[in-house]
Amino acid sequence: MDWGQPYKSDGALWSKKVANRFLLCCLLDYQIPSLQAWANGERLVISILGDPDDIWREITSVPEHEWKSKRGEYRLHRFPVAHDRLWRIGRRVCDAFEGDARRIWDGRDPVTTLEVLWGIGAGDQISRMIVGALRDCGQIKGLASDVKGDVYVRRVLGRALLGAPTDAETAVALARQLHPADPWLLDGPLWVVGQGFCKTIPKCPACELAAYCIHALASSAELPKGLSTG
Ligand code: SF4
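Bear in mind that the values here come from a model prediction, so they are computed numbers and not experimental data.

**Points about the site of the ligand**
Thought 1: As a structural note, the neighbourhood of the ligand is formed by Arg159, Phe197, Cys198, Pro202, Cys204, Cys207, Ala210, Cys213, His215 and Ala216.
Thought 2: A per-class count over the shell around the ligand returns eight nonpolar, one polar and one charged.

So this is what it looks like as structure tokens:
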């Protein structure tokens, strides 16, 4: 999967600036649309803080209460905790990794990297996405990793295989069953289906999974002839 500029996927190792920016955007990527999360992260780094050499030291250069007071001004996320935790995680990155996100994953395999990310408080599903993205971009090597059990993956796998959206843990387990060799390879296609078709009200007639999807098949069977789900 292509993560766009400046997160090149040619295997060249990222600079500290790029790695820190990547981690920050990932940390905002939950419970709001992904594109908005990444745009907000880029806006914070580039426009608000002026693309500093060390984003985590910049963020934690003010006391935590002062960072929290910037929530309304910066408008990074709809949940206050998402804004607040950037300071706390930034503090951990400074203390344990010298302010350099690359030290979280350099020389580590996907499983160990996942554990380190959990340890700094990145959260279960975000950590899985970070590991998968790092593999996509050639920053870590490893044979397999899990999907991120976000709203898109929970909806698509839940509806397609169980008939209704499911929880993150079940979605991760379903992806493992579908593609045990490397569940992460399903993450991109599931995101595309989730973003484009499997919305709150799914657009089943336009979805390529409709012929195999329990939810779509059950919905069309319930409708009178001549009508379709939509
Ligand atoms: S067919 Fe409908 S319910 Fe099934 S995955 Fe596609 S959009 Fe979602």
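**Comments concerning the side chain of arginine 128**
Thought 1: Position of arginine 128 relative to the elements: it lies in helix α9 (residues 124-136).
Thought 2: Classification of arginine 128 by relative accessible area gives buried; the value is 11%.
Thought 3: If we ignore the near neighbours within four places in the chain, the residues touching arginine 128 are Leu114, Trp118, Asp146, Val147, Lys148, Val172, Arg176 and Trp184.

**Focus: the environment of tyrosine 30**
Thought 1: As for its position among the elements, tyrosine 30 is in the loop between α1 (16-28) and α2 (34-48).
Thought 2: A relative accessible area of 22% places tyrosine 30 in the partly exposed class.
Thought 3: In this structure the C-alpha to C-alpha distance between tyrosine 30 and cysteine 137, which are 107 residues apart in sequence, comes to 20 Å.
Thought 4: Ignoring sequence-local partners within four residues, the contact set of tyrosine 30 consists of His77, Phe79, Val81, Ala82, Arg85 and Ile126.

**Some remarks on the nonpolar core**
Thought 1: Counting 47 residues, the largest nonpolar core has Phe22 and Ile104 as the members making the most contacts within it.
Thought 2: Elements represented by at least two residues in this core include exactly α1, α2, α3 (55-59), α6 (80-97), α7 (102-105), α8 (110-120) and α9.
Thought 3: Excluding residues within four positions of it along the chain, phenylalanine 22 makes contact with Tyr7, Trp14, Trp38, Trp105, Ile130, Ala133 and Leu134.
Thought 4: Core analysis: the next-biggest nonpolar cluster, separate from the first, contains twelve residues, Val147, Val153, Val156 and Leu190 among them.

**Focus: the side chain of serine 145**
Thought 1: Looking at where serine 145 falls in the secondary structure, it is placed in the loop between α9 and α10 (151-162).
Thought 2: Serine 145 has contacts with Pro110, Val131, Gly132, Arg135, Asp182, Pro183 and Trp184, leaving out every residue within four places of it along the chain.

**Examining the domain arrangement of the chain**
Thought 1: Annotation of the chain at the domain level lists domain 1 (16-136) and domain 2 (151-222).
Thought 2: Taken over C-alpha atoms, the centre of domain 1 sits 28 Å from the centre of domain 2.
Thought 3: Across the boundary between the two partners, domain 1 contributes nine residues, which contact seven residues of domain 2.
Thought 4: The partner of arginine 135 in a salt bridge is aspartate 182, and the shortest N-O contact between them spans 2.7 Å.
Thought 5: For the pair domain 1 and domain 2, the number of links is three residue pairs in polar contact (both at pLDDT 80 or more).
Thought 6: Ranked by the residues each element gives to the side of domain 1 that touches domain 2, the list is headed by α9, at seven residues.
Thought 7: By residue class, the composition of the side of domain 1 that touches domain 2 is three nonpolar, three polar and three charged.

**Considering unusual backbone geometry**
Thought 1: Non-glycine residue glutamine 31 carries a positive phi angle of around 60°.
Thought 2: Looking at where glutamine 31 falls in the secondary structure, it is placed in the loop between α1 and α2.
Thought 3: Under the relative-accessibility criterion, glutamine 31 is labelled partly exposed at 46%.
Thought 4: Positive phi outside glycine occurs at aspartate 51, with the angle close to 50°.

**Re the packing of α10 against helix α11 (residues 168-178)**
Two quantities define a packed helix pair, namely the angle between the axes and the distance from one axis to the other.
Thought 1: Orientation of α10 relative to α11, taken along the N-to-C sense of each, is 65°, at an axis distance of 9 Å. Taken as a pair, α10 and α11 cross one another with a handedness that is left-handed. Of α11, the residues touching α10 (which contributes Val153, Arg154, Leu157, Leu161 and Leu162) are Ala168, Thr170, Ala171, Leu174, Ala175 and Leu178.
Thought 2: Classifying every residue of the contact of α10 with α11 gives nine nonpolar, one polar and one charged.

Basis of the calculations
Residues numbered from 1 in each chain as written. Predicted model: local features only at pLDDT ≥ 70, side-chain atom pairs only at ≥ 80, totals over all residues. Heavy atoms only, no water. Near = heavy atom within 4 Å. Nonpolar A, V, L, I, M, F, W, Y, C, P; charged D, E, K, R; others polar. Helix = DSSP H or I, 4+ residues; strand = E, 2+ residues; numbered from the N terminus. Buried < 20%, exposed > 50% of the residue type's maximum accessible area, 1.4 Å probe, protein only. Contact = heavy atoms within 4.5 Å. Core = buried A, V, L, I, M, F, W, Y, C linked by side-chain atoms within 4.5 Å. Domains from an automatic or database assignment. Salt bridge = Lys/Arg side-chain N within 4 Å of Asp/Glu carboxyl O. Polar contact = N/O pair within 3.5 Å; in protein donor to acceptor, adjacent residues only side chain to side chain. Axes fitted to C-alpha atoms, helices over the stretch in contact; angles between N-to-C directions. Left-handed = near helix turned anticlockwise from the far one by under 90°.

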